[in-house]
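# Tertiary structure, described
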Amino acid sequence: MGVWMRSILWDAESQQLRIINQLALPAELRYLDLKTFTETFEAIKNMAVRGAPAIAVCGAFALYFAARESVTRDPAALLEATRDAREALLRLRPTAVNLQQVTGRILQQASALEGSADDLRAHLLELAQEAAERAVETNLLIARYGAELLHDGDEILHHCNTGALAAVDYGTALGVIRMAHEQGKRVHVYVTETRPCLQGSRLTAWELQQYGIPYDIVVDSAAGYLLRTGKVDRVLFGADRVAANGDVVNKVGTYLLALAAYDNGIPAYSAFPLDSVDFDSPSAEAIPIEERDPSEVLALTYRGLPAAPEGARARNYAFDVTPHRLLSGLITDRGILYPPFFRNLSVLKPHGREE
Ligand code: MRU
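## Here's the deal with the nonpolar core
Looking at soluble globular proteins, one finds that nonpolar side chains tend to be buried together. Judged by nonpolar contacts, the single largest core of 46 residues is most densely connected at Ile8, Leu17, Phe61 and Leu89. Residue assignment for this core shows that the elements contributing at least two residues are strand E1 (8-11), strand E2 (16-20), helix H1 (37-45), helix H2 (52-69), helix H3 (75-90), helix H4 (98-111) and helix H5 (117-147). The element best represented in this core is H2, accounting for 13 residues. Leaving out residues up to four positions away in the same chain, phenylalanine 61 has contacts with Trp10, Leu17, Leu125, Ala128, Gln129 and Ala132. Counting 31 residues, the second largest nonpolar core, distinct from the first, contains Tyr211, Ile213, Leu236 and Ile331.

Written as structure tokens, this is what we have:
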């Protein structure tokens with residue numbers, strides 16, 4: 001196993017959550033010590049932590065912080081306060097579904113506990129820690145399954161950041177690439193910049209450097225050229241939410257990548273944990289697409305000058321939908337799924353989920 005890159009870690013001594021501050025990268029590897037619900041809420045809001053699985057784990061700890069800050073001695077009232085905290089968190093990043101699934105499960109388990117308010121607080125901390133460990137174990141399974149698809153000498157096109165930063169440790173799509181590299185396969189990655197927040201050039205390139213995996217950053221719009229001219233063997237990306245039919249909602253630009261890959265007969269895979277699957281959405285049509293502040297688009301500069309005229313307007317769609325027909329396979333912690341995705345996903349539907 002190569003270097004570990006733990007982006008979210010509970011520090012038992014200080015009783016704080018230590019996260020890598022993704023806003024400081026790549027210039028500086030800086031940590032943020034989170035000790036309150038509000039600090040954790042803000043870290044998710046301003047994208048100091050981002051990536052669907054990482055947001056979910058931070059959200060789990062945020063629930064614990066909310067319970068720790070509540071002064072009530074009544075377990076029912078404490079549970080209610082935790083539920084309110086969850087509702088506030090869910091409004092922050094409406095597309096990524098992992099937060100909803102992980103915190104929903106935690107509250108279901110917590111409400112089954114019979115004990116004092118302090119027992120409930122302790123239980124919430126345990127459940128958050130378990131969620132973090134589970135994310136890492138899940139990523140390793142995804143990585144092992146997915147690495148089978150990669151061959152020595154492969155050229156891979158990867159979108160956004162799906163590494164340890166986005167997923168506690170190891171990563172999903174980037175974890176697949178890491179695993180193949182650690183297995184001795186020589187792989188090279190084309191890293192899309194991923195405008196406007198540059199998760200590719202700021203974060204994925206930085207992670208690949210830490211792992212010693214060769215890469216080149218390309219502008220997002222170069223993908224079509226690379227795919228049409230046979231420079232890419234496989235396209236890999238993550239998912240923020242997957243519908244029951246296999247439609248993938250992921251970082252904006254994913255659809256165009258998948259479309260160009262499909263048109264050129266190049267396999268495209270989405271890698272994600274089962275917590276990213278929203279079995280209640282038959283297709284991605286009704287899944288909310290987060291629209292972020294236009295300032296993220298307009299803040300770009302070119303040679304130190306604003307890249308848009310003063311007073312310019314912008315729309316900042318953070319995600320898009322890739323119809324399942326464009327995908328060759330879905331890499332999950334339960335194996336690689338091939339079409340028909342609806343049928344093959346449905347057998348993995350967990351029983352007794354919170355509705
Ligand atoms: O807006 P972000 O940076 O949170 O979006 C992240 C992505 O789109 C990732 O591809 C997705 O969350 C999977 S991360 C393992």
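Alright, that's what it looks like, and here's the rest.
## A closer look at the packing of H1 against H2
Between H1 and H2, the least distance of the axes is 8 Å, while the angle of their chain directions is 160 degrees. One element, H1, and the other, H2, form an angle in the roughly antiparallel class. Where H1 crosses over H2, the two elements pack in a sense that is left-handed. Contacts between H1 and H2 involve Phe37, Thr40 and Ile44 from the first element and Ile55, Cys58, Gly59, Ala62, Phe65, Ala66 and Glu69 from the second. Class assignment of the residues belonging to the contact of H1 with H2 gives a composition of seven nonpolar, two polar and one charged.

## What about the packing of aromatic side chains?
Scanning the entire structure with this criterion turns up five aromatic pairs. Measuring from centroid to centroid gives 6.1 Å for tryptophan 10 and phenylalanine 65, while their planes differ by 45 degrees, and the two rings are tilted. Linking tryptophan 10 in strand E1 with phenylalanine 65 in helix H2, this pair joins segments that are 55 residues apart in sequence. On the accessibility criterion, tryptophan 10 (12% relative accessible area) is buried. For phenylalanine 65, a relative accessible area of 0% puts it in the buried group. Between tyrosine 64 and phenylalanine 65, the aromatic rings sit 5.9 Å apart at their centres with planes inclined by 45 degrees, giving tilted as the arrangement. The exposure classification of tyrosine 64 matches that of phenylalanine 65, with both residues buried. Members of the aromatic cluster, each reached through a chain of ring pairs, are Trp10, Phe61, Tyr64 and Phe65.

## Examining the domain arrangement of the protein
The extent of an interface is frequently quoted as the accessible surface area lost upon association of the parts. Under the domain assignment used here, the protein contains domain 1 (8-140) and domain 2 (149-351). Put simply, the middle of domain 1 and the middle of domain 2, counted by C-alpha atoms, are 25 Å apart. Between domain 1 and domain 2, the residue contacts involve 33 residues of the former and 34 residues of the latter. In total, domain 1 and domain 2 occlude about 2,700 Å² of area from one another, counting both sides; carbon and sulfur atoms represent 56% of this. On the domain 1 side of the contact with domain 2, Arg50, Thr95 and Asn139 bury the most area, a combined 23% of that side's loss. Here domain 1 is connected to domain 2 by three salt bridges. Between aspartate 275 and arginine 105 there is a salt bridge, with its nearest N and O atoms 2.8 Å apart. If you look at where domain 1 meets domain 2, you find 18 residue pairs in polar contact (both at pLDDT 80 or more). A total of seven residues in the side of domain 1 that touches domain 2 trace back to one element, the largest contributor, which is H5. Partitioned by chemical class, the residues of the side of domain 1 that touches domain 2 number 20 nonpolar, eight polar and five charged.

## Quick word on the site of the ligand
The full set close to the ligand counts 17 residues, and Arg50, Arg93, Gln199, Asp240 and Lys251 are the nearest of them. With respect to the ligand, the backbone of glycine 51 contributes an N or O atom lying 3.0 Å from an oxygen atom. At 2.8 Å, a side-chain N or O of lysine 251 approaches an oxygen atom of the ligand. Burial of the ligand by the protein chains amounts to 99% of its free accessible area of 410 Å². Of all the secondary-structure elements, those providing two or more residues to the shell around the ligand are H2 and strand E9 (248-251).

## Regarding the side chain of threonine 192
With respect to the helices, strands and loops of the structure, threonine 192 is situated in strand E5 (residues 188-192). Looking at threonine 192, its side chain comes within polar contact range of the main-chain oxygen of histidine 158, at 3.1 Å. Looking at threonine 192, its side chain comes within polar contact range of the side chain of histidine 159, at 2.7 Å. Once residues within four sequence positions are removed from consideration, threonine 192 is found in contact with Leu157, His158, His159, Cys160, Gly200, Ser201, Val218 and Asp220.

## As for unusual backbone geometry
In the segment running from leucine 25 into proline 26, the intervening peptide bond is cis, with an omega of 5 degrees. One can find proline 26 in the loop between E2 and strand E3 (31-34). For the peptide bond that leads from proline 339 to proline 340, omega is 0 degrees, which places it in the cis range. If you trace the backbone, proline 340 turns up in the loop between strand E18 (335-337) and helix H12 (341-346). Positioned with a positive phi, tyrosine 170 is a non-glycine residue whose angle comes to about 70 degrees. Structurally, the position occupied by tyrosine 170 is in the loop between helix H6 (164-167) and helix H7 (173-182). Judged by its relative accessible area of 0%, tyrosine 170 falls in the buried class.

Rules behind the numbers
- Residues numbered from 1 in each chain as written.
- Predicted model: local features only at pLDDT ≥ 70, side-chain atom pairs only at ≥ 80, totals over all residues.
- Heavy atoms only, no water.
- Core = buried A, V, L, I, M, F, W, Y, C linked by side-chain atoms within 4.5 Å.
- Buried < 20%, exposed > 50% of the residue type's maximum accessible area, 1.4 Å probe, protein only.
- Helix = DSSP H or I, 4+ residues; strand = E, 2+ residues; numbered from the N terminus.
- Contact = heavy atoms within 4.5 Å.
- Axes fitted to C-alpha atoms, helices over the stretch in contact; angles between N-to-C directions.
- Parallel < 35°, antiparallel > 145°, perpendicular 65-115°, else oblique.
- Left-handed = near helix turned anticlockwise from the far one by under 90°.
- Nonpolar A, V, L, I, M, F, W, Y, C, P; charged D, E, K, R; others polar.
- Phe/Tyr/Trp six-rings, centres within 6.5 Å; stacked < 30°, edge-to-face > 60°.
- Domains from an automatic or database assignment.
- Buried area = accessible area lost by both parts, 1.4 Å probe.
- Salt bridge = Lys/Arg side-chain N within 4 Å of Asp/Glu carboxyl O.
- Polar contact = N/O pair within 3.5 Å; in protein donor to acceptor, adjacent residues only side chain to side chain.
- Near = heavy atom within 4 Å.
- Areas by Shrake-Rupley, 256 points an atom, 1.4 Å probe, with all protein chains shown as cover.

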